[in-house]
Amino acid sequence: MTVASAPGKIILFGEHAVVHGRPAIAVPVTQVHADVEVVESSRPGIWIHAPNVDLDVELNALPSDHPLAAVIHNLLFSLGISPFPPLDITINSTIPVASGLGSGAAVSVALVRALSSALGHPLTDEQVNAFAYEIERLHHGTPSGIDNTVITYAKPVYFIKGHPIETLKVSRPFTLVIGDTGIPAPTKQSVGDVRRLWTKNNLRMEQVFDEVAQISLMARRIIESGQPEMLGDLMNQNHAFLQEMTVSSPELDALVRAARKAGALGAKMSGGGRGGNMIALVTPETAEPVSMSLLASGARRAIITQVE
Ligand code: PMV
């Protein structure tokens, strides 16, 4: 039996601008994870069990562009494995789907790791990341690659599309509350809308992306120099730019306001937007009240996580 696990993730700064070549910062969220188990099977075929999405099926019964089928086909083809060995693959995930916590990328990463090890061809992080990115392209069209990168390396990253991976040194750990609107929102849609806005109003959107790039750069310095309480203002500024990109929503704005009112040092939406999650920077004293206030203001769940 071979097992592999991958964490969820959250974007701290720079979502959307990152699709347009600017830097962004993302961190792993270990409270949620995808877990994959691969065992040799006594019956023919590759069987996939994914109770979270009610799937219990043989590989060939899935359309070839199904994300799980695509991962398995790509991997077996690249490793030159034919005929396919009989396997039972079980996938469990505690990461909510389409909410900005990286559920798709985490399943891809854990699946590639477990399957390649089970077949006697364990892959490097770089290879796992490349596979997961190809699958992200199937989901999203034009992903920046930040999700698969932060999840593969399971470390905070300062990410620029197409640049070598830079992990971040967190000099002083800090605490975030993640509030989930419970509204699933496809990232592909919001990324497409921002692209249309950028085409229509190129000058202003380029300025907005540049402002966000400065925020990510300053945030990196603050995180590395160990003054995380200074991130709050930057989160508030980044949220305003995301509103201008039209990717926030009344529900996200309400949770952001509630978090600030309950004592958060700053708050913003996170990820694709229009639904999904927001994040709030808190101290050990305000973590609980902020979480309670988010739940009272309509959040489906609130996760307290430490960035370190
Ligand atoms: O997967 P999400 O919802 O956290 O969003 C990804 C962040 C975007 O910048 C909006 C898209 C991308 O590919 O980077």
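Just so it is clear, the model here is predicted, and its values are computed rather than measured.

With that settled, the discussion passes to the overall build of the protein. Counting its regular elements, the protein contains nine helices and 11 strands. Taking 308 residues into account, the globule formula puts the C-alpha radius of gyration at 19 Å, and the protein, at 20 Å, falls close to it. For the protein, the C-alpha atoms occupy an extent of roughly 60 × 40 × 35 Å along the three principal directions. For the protein, the residues scored as buried account for 54% of the 308 residues in total. In the protein, once contacts between residues fewer than 6 apart in sequence are set aside, the share between residues at least 24 apart is 73%. Put simply, the protein shows about 13200 Å² of open surface, and 54% of that area lies on carbon and sulfur atoms. Within the protein, the 29 negative side-chain charges are centred at a point lying 7 Å from the centre of the 23 positive side-chain charges.

What follows concerns the packing of helix α1 (residues 67–78) against helix α2 (residues 103–118). The interhelical angle for the contact between α1 and α2, taken along N-to-C directions, is 35 degrees, at an axis separation of 10 Å. Relative to α2, the crossing made by α1 is right-handed. Residues Leu-68, Val-71, Ile-72 and Leu-75 of α1 pack against Val-107, Ser-108, Leu-111, Val-112, Leu-115 and Ser-116 of α2.

Below, the discussion takes up unusual backbone geometry. Looking along the chain, the bond that leaves Ser-82 and enters Pro-83 is cis, with omega of -5 degrees. Relative to the helices and strands, Pro-83 resides in the loop between α1 and β5 (87–93). The phi torsion at Ala-154 lies on the positive side, around 50 degrees, for a residue other than glycine. Examined against the element boundaries, Ala-154 turns out to sit in the loop between α4 (146–153) and β6 (157–159). A residue is classified by how much of its surface remains accessible, and Ala-154, at 41% relative accessible area, is partly exposed. With a phi close to 70 degrees, Thr-246 is a non-glycine residue in the positive phi region.

Turning our attention to the site of the ligand. Contacts to the ligand come from 15 residues, most closely from Lys-9, His-16, Ser-144, Asp-147 and Gly-272. Ser-144 places a side-chain nitrogen or oxygen 2.5 Å from an oxygen atom of the ligand. Within the side chain of Thr-187, a nitrogen or oxygen atom sits 2.9 Å from an oxygen atom of the ligand. For the ligand, whose unbound accessible area comes to 370 Å², protein coverage reaches 94%. Elements represented by at least two residues in the shell around the ligand include exactly β1 (2–13), α4 and α5 (187–200). Its residues placed into classes, the shell around the ligand shows six nonpolar, six polar and three charged. Two domains each provide a minimum of three residues to the shell around the ligand, namely domain 1 (2–167) and domain 2 (174–307).

By the definition in use, this model includes 14 salt bridges. Of the charged contacts, one joins Glu-15 and Lys-268 as a salt bridge, the two residues approaching to 2.9 Å between their closest N and O atoms. You can see Glu-15 sitting in the loop between β1 and β2 (24–40) and its partner Lys-268 sitting in strand β9 (residues 266–270), a full 253 residues away along the chain. Accessibility assignment for this pair places Glu-15 and Lys-268 in one class, buried. In this structure, Arg-220 engages Glu-166 in a salt bridge whose closest nitrogen and oxygen atoms are separated by 2.9 Å. With Arg-220 in helix α6 (residues 202–224) and Glu-166 in strand β7 (residues 166–167), this residue pair connects regions lying 54 residues apart in the sequence. The class for Arg-220 is buried, based on a relative accessible area of 16%. One continuous salt-bridge network, built from bridges that share partners, spans Arg-22, Glu-206 and Asp-210.

β5 sits mainly inside the fold: five of its seven residues count as buried. Both β2 and β5 contribute to a ladder of seven bridges, which runs antiparallel. Along β5, the bridge assignment pairs Asp-35 with Asn-92. Pairing of strand β3 (residues 46–50) with β5, which is carried by four bridges, proceeds in the parallel orientation. Note on β5: the bridge partner recorded for Ile-48 is Ile-89.

Quick look at the pairing of β2 now. Strand direction decides the pairing type here: β1 and β2, joined by 11 bridges, are antiparallel. Following the sheet pairing, Gly-8 is matched in β2 by Val-29. Relative to β6, β2 runs antiparallel, the two being bridged by three bridges. In the sheet register, Ile-25 faces β6, and the bridge partner there is Tyr-158.

What counts, and at which threshold
Residues numbered from 1 in each chain as written. Predicted model: local features only at pLDDT ≥ 70, side-chain atom pairs only at ≥ 80, totals over all residues. Heavy atoms only, no water. Helix = DSSP H or I, 4+ residues; strand = E, 2+ residues; numbered from the N terminus. Rg over C-alpha atoms; globule rule 2.2 N^0.38 Å. Buried < 20%, exposed > 50% of the residue type's maximum accessible area, 1.4 Å probe, protein only. Contact = heavy atoms within 4.5 Å. Areas by Shrake-Rupley, 256 points an atom, 1.4 Å probe, with all protein chains shown as cover. Lys, Arg positive; Asp, Glu negative; His and termini not counted. Charge placed at Lys NZ, Arg CZ, Asp CG, Glu CD. Axes fitted to C-alpha atoms, helices over the stretch in contact; angles between N-to-C directions. Left-handed = near helix turned anticlockwise from the far one by under 90°. Near = heavy atom within 4 Å. Polar contact = N/O pair within 3.5 Å; in protein donor to acceptor, adjacent residues only side chain to side chain. Nonpolar A, V, L, I, M, F, W, Y, C, P; charged D, E, K, R; others polar. Domains from an automatic or database assignment. Salt bridge = Lys/Arg side-chain N within 4 Å of Asp/Glu carboxyl O. Pairing = 2+ DSSP bridges.

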